[in-house]
Amino acid sequence: MWEQAWLNYSNKKIHDKHLKMLTTLYVDKVLLEDVKITNCVKELDRLLEANEGEQLKLTDDPSIAGIVLKTTLNTYLGLEGYHLRYDNGFIVEGHTTTGILYGVFRLIECLRLNQSIKQLDIESVPKNPLRMINHWDNMDGSIERGYSGNSFFFENNQIIINQRTVDYARLLASIGINSVVINNVNVKDKATYLITDEYLDDLNQLSTILYGYGVSLYISINYASPMEIGGLASADPFDEDVKTWWKEQSRYVFEGLTNFGGYLVKADSEGREGPFTYGRTQADGANMLAQAVAPYGGKIIWRCFVYNCQQDWRDLKTDRAKAGYEAFKPLDGEFLENVILQIKNGPMDFQVREPVSPLFGALKHTNQMLEVQAAQEYTGQQIHVCYLVPMWKEILDFQTYHYEAGRVKDIISGTSSKALKGGMAAVINTGNDDNWTGHDLAGANFYGFGKLAWDPDLSSKEIAEAFSLLTFGHEEAMKVVSKILLDSWEVYESYTTPLGLGWMVNVSHHYGPSPEGYEYDRWGTYHRADHTAIGVDRTSTGTNYTNQYHEINRKTYESMETCPESLLLFFHRIPYKHILSDQRTLIQYMYDAHFDGAKRVRTMKEDFIGIKGHIDDKIYYRVLERFDKQIDHSELWRDVINSYFYRKSGIPDEKHRQIF
Ligand code: GCV
């Protein structure tokens, strides 16, 4: 049976006095017909039941109510914001019922976190218009890059709808997510038919449940659909038959589904069909679809993950890092206003550390959305603990210098330019495991993504603490777990591939160390180590990738002296004997980082053991098992990488530790 993650209301009781207040509810009569308000009432019911409180009663008299839900005519809260306050009772106001729903979840969270109620006065409006989850779920039930079981949306080419669907929608609403793409961007086989009558009824049931929690359904589409299911000879965006096919199909989907949002598209990428096949641009392809969905207010989320995945490793000129910018920057201004470009956080592919994609802000007339990956494909596959909120915050805070308000978070939220709007998407880390995310601590990435997408200014610490307290229900557990979370990215990075190196993983499944796994392959991901040096020169003396940044950032990255050390090997080719800022040689830094990192995993486990008895035993043993694996695998990383560097360089460890 699946669990409730951070919505486990029985693991931490709320104050009796507050519980009592929540039993008398006043809601305007007309609002009671709205499904989002019904869902608020159900949520309060759940809370009361889990806390063994009295049953919830509706009252007609707001003056005696302990909690009041109401709409305000004031538009300052927008379509999703809320005002939550205490005035002899809890008052949750929204301009819409979606706002009220978010406000009720926030109230429950405040009460469970035991926040001071007397001063409760929170006005909150989400910073990002789109706060989206991308599932890479396949219709046979498997999940591409899934590390927590199978899909809870699909099984045997059928759509699953049950109480878990509702609980998932509740989890989404509780962290402010407003859109979800349920199927993998690699759309193949039966998934291509999701936009046909074969699945429409089931999809409508699903979209109706999601709607009740403020979430719009999106579908990843196969660009070749007009051929694969429409029987046309091409998918050329300039072909009138193709245009008509998409218009007809879209009318059918938008009219058949409640609150349908639009399509997510991976085109001309890793073998997927796209407009390039017909000599057309990415804008031609996106705009053709945008026109088809525009009559229904639909959106096209078009991914920028376009690169040559058939590179020859001997080719020193092509630099995969440059591909996204080269494909999309020249098209700036050509996309219709209901197209949003979804850009991965870095120019490569979700490595443990990459610079921020130079496309952000360089596109001046195009809606932009940030794509991050909560699924830990390259960051430990939910066996290793790796809390990614600190990474995402660095990305959001990155100053592009392209605008006065030029940080990535300003660009995607529409603060930089009122004409442009985007948001944030996460490739999510969920599956049908009981705890949703395989590793219980990986729930922090799911929770944290939603919180950050709503408010990018929250700190990593406050998110980690709130997650830990809500999920594990104990103050001491919160202290220990949040500390582990906050250290975890740095620890993982240090025993895998520090200094921006990346890619030393096994090909295809991307788990475990393989220093040259990607070195002679076709994917354009090379570190080019020899016996004297490692790294790719991406400056003006090399591939000139640095030139894709604003001049201020270009200069910073161009020089080894000013380039942030954490990205040194991403931008520069460095001799092993190069002296770093702390006077260590590069090679000694590598050895130290790998030895220290693996050691710190043992400390994390010991700290975790300290909370035995404070948290549910089932969770405790589940996490402990993951720590044991992490210890083994981090030591393997340490040994494989250190031996590799020793063999390449012939330079021994100054501290004479064991290198195999
Ligand atoms: C869904 C990487 C992953 C692929 C993924 C792709 C993408 O290459 O390894 O599994 O495909 O990114 O983001 O489209």
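Residues numbered from 1 in each chain as written. Predicted model: local features only at pLDDT ≥ 70, side-chain atom pairs only at ≥ 80, totals over all residues. Heavy atoms only, no water.

**Describing helix H14 (residues 475–495)**
Phase 1: Taking 1.5 Å per residue, 21 residues should reach 30 Å; H14 reaches 30 Å between its end C-alpha atoms and fits that length.
Phase 2: The axis of H14 is deflected most strongly, by about 45°, at Ser488. (Helix = DSSP H or I, 4+ residues; strand = E, 2+ residues; numbered from the N terminus. Expected span 1.5 Å × (residues − 1). Bend = angle between axes of the 7 residues up to and from the residue.)

**Considering the side chain of Arg638**
Phase 1: Within the element layout of this structure, Arg638 appears in helix H18 (residues 617–649).
Phase 2: At 2.9 Å, the side chain of Arg638 forms a polar contact with the side chain of Asp639.
Phase 3: When neighbours within four sequence positions are excluded, Arg638 is seen to be in contact with Tyr495, His594, Phe595 and Ala598. (Polar contact = N/O pair within 3.5 Å; in protein donor to acceptor, adjacent residues only side chain to side chain. Contact = heavy atoms within 4.5 Å.)

**With respect to the site of the ligand**
Phase 1: As a matter of local geometry, the ligand sits amid 14 residues, with Glu144, Lys266, Arg303, Lys344 and Glu377 nearest to it.
Phase 2: One of the side-chain nitrogen or oxygen atoms of Glu144 is found 2.5 Å away from an oxygen atom of the ligand.
Phase 3: Here Asp349 contributes a side-chain N or O atom positioned 3.1 Å from an oxygen atom of the ligand.
Phase 4: In isolation the ligand exposes 340 Å². Once the protein is present, 96% of that is buried.
Phase 5: Here the shell around the ligand is built from residues that sort into 3 nonpolar, 3 polar and 8 charged. (Near = heavy atom within 4 Å. Areas by Shrake-Rupley, 256 points an atom, 1.4 Å probe, with all protein chains shown as cover. Nonpolar A, V, L, I, M, F, W, Y, C, P; charged D, E, K, R; others polar.)

**Things to note about the pairing of strand E1 (residues 24–27)**
The side chains of a regular strand alternate, residue by residue, between the two faces of the sheet.
Phase 1: Neither face of E1 is open: one carries Thr24 and Tyr26, the other Leu25 and Val27, and all of them are buried.
Phase 2: As for the winding sense of the linkage, the β-α-β connection from E1 through helix H2 (residues 35–50) to strand E2 (residues 57–58) is right-handed.
Phase 3: Both E1 and strand E3 (residues 67–71) contribute to a ladder of 3 bridges, which runs parallel. Across the sheet, the residue bridging to Val27 is Leu69, located in E3. (Buried < 20%, exposed > 50% of the residue type's maximum accessible area, 1.4 Å probe, protein only. Right-handed = clockwise from strand over helix to strand, strands pointing away. Pairing = 2+ DSSP bridges.)

**Regarding the sheet that holds strand E11 (residues 216–221)**
Phase 1: The strand order around the closed barrel formed by 8 strands is E7-E10-E11-E12-E13-E14-E15-E16, and the pairing between neighbours is parallel. Neighbour to neighbour, the strand axes of the sheet diverge by 25° on average, direction disregarded.
Phase 2: Pairing of E11 with strand E12 (residues 260–265) involves 5 bridges; the strand directions are parallel. By the bridge assignment, Ile221 is partnered in E12 with Val265.
Phase 3: Each of E11, E12, strand E13 (299–303) and strand E14 (339–344) is contacted by helix H8 (residues 282–293), which is oriented at about 160° to E13, the strand it contacts most. (Axes fitted to C-alpha atoms, helices over the stretch in contact; angles between N-to-C directions.)

**What about the pattern of salt bridges?**
Phase 1: With the rule as written, the count across this model stands at 48 salt bridges.
Phase 2: For the salt bridge of Lys127 with Asp455, the shortest nitrogen-to-oxygen distance reads 3.3 Å. Of this pair, Lys127 sits in the loop between strand E6 (121–124) and strand E7 (130–134) while Asp455 is found in the loop between helix H12 (443–454) and helix H13 (460–472), placing the two residues 328 residues apart along the sequence.
Phase 3: Judged by its relative accessible area of 39%, Lys127 is partly exposed.
Phase 4: As a salt-bridge pair, Arg353 and Glu493 come within 2.6 Å of each other at their nearest N and O atoms. Of this pair, Arg353 sits in the loop between E14 and strand E15 (367–373) while Glu493 sits in helix H14; the two residues are 140 residues apart in sequence, bridging distant segments of the chain.
Phase 5: You can call Glu493 buried: its relative accessible area is 8%.
Phase 6: Overlapping salt bridges, with partners in common, bring together Asp582, Arg584, Asp592, Asp653, Lys655 and Arg657 in one network. (Salt bridge = Lys/Arg side-chain N within 4 Å of Asp/Glu carboxyl O.)

**Here we look at the packing of aromatic side chains**
Phase 1: Going through the model one piece at a time under the given rule, you end up with 40 aromatic pairs.
Phase 2: Between Tyr86 and Phe90 the ring centres are 5.8 Å apart and the planes differ by 65°, which places this aromatic pair in the edge-to-face class.
Phase 3: Of the residues examined, Tyr86 reaches a relative accessible area of 21% and is grouped as partly exposed.
Phase 4: Phe90 sits in the buried class, given a relative accessible area of 0%.
Phase 5: Relative to Trp246, the ring of Trp245 has its centre 5.0 Å away and its plane inclined at 85°; by these criteria the two rings are edge-to-face.
Phase 6: By the ring-pair criterion, three or more aromatic residues cluster together here, those being Trp6, Phe152, Phe153, Phe154, Tyr168, Trp436, Phe446, Tyr447, Phe467 and Phe472.
Phase 7: Positioned above the aromatic ring of Phe305, the side-chain terminus of Lys344 is 3.3 Å from the ring centre.
Phase 8: Here Arg522 stacks its cationic end above the ring of Trp523, 4.1 Å away from the centre of that ring. (Phe/Tyr/Trp six-rings, centres within 6.5 Å; stacked < 30°, edge-to-face > 60°. Lys NZ or Arg CZ within 6 Å of the ring centre and 35° of its normal.)

**Describing the environment of Val623**
Phase 1: Positionally, Val623 belongs in helix H18.
Phase 2: Judged by relative accessible area, which is 0%, Val623 ranks as buried.
Phase 3: Spatially, the C-alpha atom of Val623 lies 9.2 Å from that of Lys605, the residues being 18 residues apart in sequence.
Phase 4: In contact with Val623, not counting residues within four places along its chain, are His439, Asp440, Leu441 and Phe608.

**What about helix H4 (residues 163–174)?**
Phase 1: In a regular helix each residue adds 1.5 Å, so 12 residues correspond to 16 Å; H4 covers 16 Å between its end C-alpha atoms and thus fits that length.
Phase 2: Counting buried residues along H4, 11 of its 12 residues qualify, which places the element largely inside the surrounding structure.
Phase 3: Those residues of H4 lying buried are Arg164, Thr165, Val166, Asp167, Tyr168, Ala169, Arg170, Leu171, Leu172, Ala173 and Ser174.
Phase 4: Of the surrounding secondary structure, the elements contacted by the buried residues of H4 are H2, helix H3 (97–112), E7, strand E10 (179–181), helix H5 (200–211) and H12.
Phase 5: For H4, the N-terminal capping position is held by Asn162, with its side-chain oxygen 2.9 Å away from the main-chain nitrogen of Arg164.
Phase 6: Of the residues trailing H4, Gly176 is marked for its positive phi of about 85°.

**Concerning the pairing of strand E4 (residues 82–86)**
Phase 1: When E4 meets strand E5 (residues 90–94), the two strands line up antiparallel, connected through 5 bridges. Opposite Tyr86, over in E5, you have Phe90 as the bridge partner.
Phase 2: Joining the antiparallel neighbours E4 and E5 is a turn of 3 residues, in which Asn88 adopts a positive phi near 60°.
Phase 3: The pairing of E4 with E6 spans 4 bridges and is antiparallel. Bridge assignment links Arg85 to a residue of E6, and that residue is Asp121.

**Description of the side chain of Asn429**
Phase 1: Looking at the element boundaries, Asn429 is found in the loop between strand E16 (423–427) and H12.
Phase 2: A polar contact of 3.0 Å, which involves the side chain of Asn429, links it to the backbone oxygen of Ala442.
Phase 3: Aside from chain neighbours lying at most four places away, what touches Asn429 is Ser148, Ala374, Ala375, Gln382, Trp436, Thr437, Ala442, Asn445 and Phe446.

**Digging into the state of the cysteines**
Disulfides are covalent bonds that connect the sulfur atoms of two cysteines.
Phase 1: Tallying each qualifying case throughout the model produces 0 disulfides.
Phase 2: Note on Cys40: no disulfide assigned, nearest cysteine sulfur contributed by Cys110 at a separation of 15 Å. (Disulfide = S-S within 2.5 Å.)

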